[in-house]
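Chain and residue survey
Here are the chains, one letter per residue:
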Amino acid sequence: MSTLGSRSKARRRALDVLFEAEQRGVDPATLLAERVTDPGTHSSSLPRYAADMVEGVLTHRERIDELLTTYAQGWTLDRMPAVDRCVLRLGTWEILWNDDVPDAVAADEAVEMVRDLSTDESPGFVNGLLGRLIDLKPTLLA
(Lines give C-alpha, C1' and ligand atoms only; values in the text may rest on other atoms or scores of the structure.)
Protein backbone atom coordinates (compact mmCIF):
# COMPACT_ATOMS: atom_id res chain seq x y z
CA MET A 1 0.00 0.00 0.00
CA SER A 2 1.30 3.43 -0.84
CA THR A 3 2.03 5.90 1.88
CA LEU A 4 -0.98 8.01 2.65
CA GLY A 5 -0.56 11.75 2.27
CA SER A 6 -0.50 13.85 5.42
CA ARG A 7 -4.07 15.10 4.86
CA SER A 8 -5.29 11.55 4.24
CA LYS A 9 -3.67 10.45 7.50
CA ALA A 10 -5.21 13.42 9.29
CA ARG A 11 -8.65 12.49 7.92
CA ARG A 12 -8.24 8.97 9.30
CA ARG A 13 -7.23 10.31 12.68
CA ALA A 14 -10.21 12.72 12.69
CA LEU A 15 -12.45 9.78 11.84
CA ASP A 16 -10.91 7.81 14.71
CA VAL A 17 -11.81 10.58 17.16
CA LEU A 18 -15.39 11.00 15.95
CA PHE A 19 -16.00 7.26 15.72
CA GLU A 20 -14.47 6.49 19.12
CA ALA A 21 -16.46 9.29 20.77
CA GLU A 22 -19.68 7.95 19.26
CA GLN A 23 -18.94 4.34 20.20
CA ARG A 24 -17.99 5.22 23.76
CA GLY A 25 -20.80 7.74 24.18
CA VAL A 26 -18.41 10.53 25.12
CA ASP A 27 -18.27 14.15 24.01
CA PRO A 28 -16.11 14.43 20.87
CA ALA A 29 -14.68 17.76 22.03
CA THR A 30 -13.51 16.19 25.29
CA LEU A 31 -11.97 13.23 23.48
CA LEU A 32 -10.28 15.59 21.00
CA ALA A 33 -8.79 17.61 23.85
CA GLU A 34 -7.45 14.40 25.40
CA ARG A 35 -5.89 13.31 22.09
CA VAL A 36 -4.26 16.71 21.56
CA THR A 37 -2.78 17.01 25.05
CA ASP A 38 -1.99 13.32 25.65
CA PRO A 39 -1.62 11.11 22.59
CA GLY A 40 -1.42 8.11 24.93
CA THR A 41 -1.17 4.85 23.01
CA HIS A 42 -1.30 6.64 19.65
CA SER A 43 2.08 6.63 17.97
CA SER A 44 2.11 10.38 17.45
CA SER A 45 0.22 13.46 18.42
CA LEU A 46 -2.94 14.28 16.53
CA PRO A 47 -2.17 16.18 13.30
CA ARG A 48 -3.37 19.79 13.33
CA TYR A 49 -5.60 19.16 10.32
CA ALA A 50 -7.31 16.26 12.13
CA ALA A 51 -8.08 18.54 15.05
CA ASP A 52 -9.31 21.24 12.65
CA MET A 53 -11.64 18.73 10.99
CA VAL A 54 -13.11 17.50 14.28
CA GLU A 55 -13.54 21.06 15.53
CA GLY A 56 -15.16 22.05 12.22
CA VAL A 57 -17.61 19.14 12.38
CA LEU A 58 -18.48 20.01 15.98
CA THR A 59 -18.97 23.69 15.13
CA HIS A 60 -21.30 22.90 12.21
CA ARG A 61 -22.73 19.61 13.50
CA GLU A 62 -26.36 20.69 13.59
CA ARG A 63 -26.29 22.00 10.01
CA ILE A 64 -24.26 19.02 8.77
CA ASP A 65 -26.72 16.54 10.29
CA GLU A 66 -29.65 18.52 8.89
CA LEU A 67 -28.15 18.36 5.38
CA LEU A 68 -27.31 14.67 5.64
CA THR A 69 -30.82 13.91 6.89
CA THR A 70 -32.36 15.97 4.10
CA TYR A 71 -30.35 14.49 1.22
CA ALA A 72 -29.73 10.90 2.34
CA GLN A 73 -32.73 9.53 0.52
CA GLY A 74 -34.29 6.67 2.41
CA TRP A 75 -31.74 6.77 5.23
CA THR A 76 -31.89 8.35 8.64
CA LEU A 77 -28.64 9.19 10.39
CA ASP A 78 -29.39 6.51 12.97
CA ARG A 79 -29.73 3.80 10.29
CA MET A 80 -26.40 4.58 8.64
CA PRO A 81 -23.38 2.55 9.66
CA ALA A 82 -21.48 4.58 12.28
CA VAL A 83 -18.37 4.79 10.09
CA ASP A 84 -20.41 6.15 7.19
CA ARG A 85 -22.09 8.73 9.41
CA CYS A 86 -18.74 9.96 10.76
CA VAL A 87 -17.10 10.00 7.32
CA LEU A 88 -20.07 11.88 5.85
CA ARG A 89 -19.84 14.49 8.60
CA LEU A 90 -16.13 15.00 7.87
CA GLY A 91 -16.66 15.10 4.11
CA THR A 92 -19.55 17.54 4.40
CA TRP A 93 -17.44 19.86 6.55
CA GLU A 94 -14.57 19.73 4.05
CA ILE A 95 -16.85 20.40 1.10
CA LEU A 96 -18.88 23.22 2.62
CA TRP A 97 -16.55 24.93 5.08
CA ASN A 98 -12.96 24.22 4.03
CA ASP A 99 -11.90 26.06 0.91
CA ASP A 100 -8.36 24.62 1.10
CA VAL A 101 -9.49 21.23 -0.24
CA PRO A 102 -11.11 20.83 -3.66
CA ASP A 103 -14.62 19.39 -3.30
CA ALA A 104 -13.84 16.40 -5.52
CA VAL A 105 -10.80 15.53 -3.39
CA ALA A 106 -12.86 15.69 -0.20
CA ALA A 107 -15.49 13.39 -1.73
CA ASP A 108 -12.88 10.96 -3.11
CA GLU A 109 -11.11 10.76 0.25
CA ALA A 110 -14.42 10.06 2.02
CA VAL A 111 -15.25 7.30 -0.47
CA GLU A 112 -11.82 5.73 0.02
CA MET A 113 -12.23 5.70 3.79
CA VAL A 114 -15.58 3.90 3.66
CA ARG A 115 -14.27 1.54 0.97
CA ASP A 116 -11.58 0.47 3.44
CA LEU A 117 -13.66 0.52 6.61
CA SER A 118 -17.36 -0.02 5.92
CA THR A 119 -19.88 -2.02 3.89
CA ASP A 120 -19.82 -2.87 0.18
CA GLU A 121 -22.67 -0.43 -0.42
CA SER A 122 -21.02 2.43 1.48
CA PRO A 123 -18.74 3.85 -1.25
CA GLY A 124 -21.64 4.38 -3.66
CA PHE A 125 -23.85 5.81 -0.94
CA VAL A 126 -21.20 8.23 0.35
CA ASN A 127 -20.19 9.26 -3.17
CA GLY A 128 -23.80 9.92 -4.17
CA LEU A 129 -24.65 11.91 -1.06
CA LEU A 130 -21.50 14.04 -1.09
CA GLY A 131 -21.88 14.54 -4.85
CA ARG A 132 -25.38 15.88 -4.25
CA LEU A 133 -24.05 18.30 -1.63
CA ILE A 134 -21.33 19.45 -4.04
CA ASP A 135 -23.98 20.08 -6.72
CA LEU A 136 -26.11 22.04 -4.24
CA LYS A 137 -23.21 23.84 -2.51
CA PRO A 138 -23.96 27.31 -3.93
CA THR A 139 -27.51 27.18 -2.56
CA LEU A 140 -26.57 25.50 0.73
CA LEU A 141 -24.20 28.26 1.77
CA ALA A 142 -26.35 31.13 0.55
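Relevant structure appears above.
The following paragraphs examine the structure supplied in this document. (Residues numbered from 1 in each chain as written. Predicted model: local features only at pLDDT ≥ 70, side-chain atom pairs only at ≥ 80, totals over all residues. Heavy atoms only, no water.)

The subject of this paragraph is the packing of aromatic side chains. Counting across every chain of the model gives 2 aromatic pairs. Look at Tyr 49 and Trp 93: their rings are 6.4 Å apart centre to centre, the planes differ by 50°, and that puts the pair in the tilted class. A residue pair is termed long-range when its members are at least 10 positions apart, and Tyr 49 in helix 3 (residues 48-59) and Trp 93 in helix 5 (residues 82-97) qualify at 44 residues. The class for Trp 93 is buried, based on a relative accessible area of 9%. When the centroid spacing of 5.6 Å and the interplanar angle of 55° are considered together, the rings of Trp 75 and Phe 125 count as tilted. Remark: Phe 125 occurs in helix 7 (residues 122-140) and Trp 75 occurs in the loop between helix 4 (61-71) and helix 5; sequence separation between them is 50 residues. Here Trp 75 falls in the partly exposed class, since its relative accessible area comes to 32%. When the ring centre of Tyr 49 is taken as reference, the NZ or CZ atom of Arg 7 above it lies at 4.3 Å. One Lys or Arg, Arg 79, reaches over the ring of Trp 75 and ends 4.3 Å from the middle of that ring. (Phe/Tyr/Trp six-rings, centres within 6.5 Å; stacked < 30°, edge-to-face > 60°. Helix = DSSP H or I, 4+ residues; strand = E, 2+ residues; numbered from the N terminus. Buried < 20%, exposed > 50% of the residue type's maximum accessible area, 1.4 Å probe, protein only. Lys NZ or Arg CZ within 6 Å of the ring centre and 35° of its normal.)

Counting 43 residues, the largest nonpolar core has Leu 68, Val 87, Leu 88, Leu 90, Phe 125, Val 126 and Leu 130 as its most contacted members. Listing elements by their share of this core, those giving two or more residues are helix 1 (6-24), helix 2 (28-37), helix 3, helix 4, helix 5, helix 6 (103-117) and helix 7. Top contributing element to this core by residue count: helix 5, with 8 residues. If we ignore the near neighbours within four places in the chain, the residues touching Phe 125 are Ala 72, Trp 75, Met 80, Asp 84 and Leu 88. (Core = buried A, V, L, I, M, F, W, Y, C linked by side-chain atoms within 4.5 Å. Contact = heavy atoms within 4.5 Å.)

Let's shift gears to the environment of Pro 138. Its location among the elements puts Pro 138 in helix 7. Taking relative accessible area as the criterion, Pro 138 reaches 61% and is therefore assigned exposed.

On to helix 3, then. In this model helix 3 runs 16 Å from its N-terminal to its C-terminal C-alpha over 12 residues, within 8% of the 16 Å that 1.5 Å per residue would give. Among all positions in helix 3, only Tyr 49, Ala 50, Ala 51, Met 53, Val 54, Gly 56 and Val 57 are buried. Residues of helix 3 that are buried sit in contact with helix 1, helix 2, helix 4 and helix 5. (Expected span 1.5 Å × (residues − 1).)

What follows deals with the pattern of salt bridges. Applying the stated criterion to the full structure yields 14 salt bridges. Across the pair Arg 115 and Glu 112 runs a salt bridge, and its minimum N-O distance is 2.4 Å. Separated by 3 residues within a single helix, Arg 115 and Glu 112 lie in helix 6, roughly one turn from each other. We classify Arg 115 as partly exposed; its relative accessible area is 45%. Since its relative accessible area comes to 38%, Glu 112 is described here as partly exposed. A cluster of three or more residues bridged by salt bridges with shared partners is formed by Glu 22, Arg 61, Asp 65, Arg 85 and Arg 89. (Salt bridge = Lys/Arg side-chain N within 4 Å of Asp/Glu carboxyl O.)

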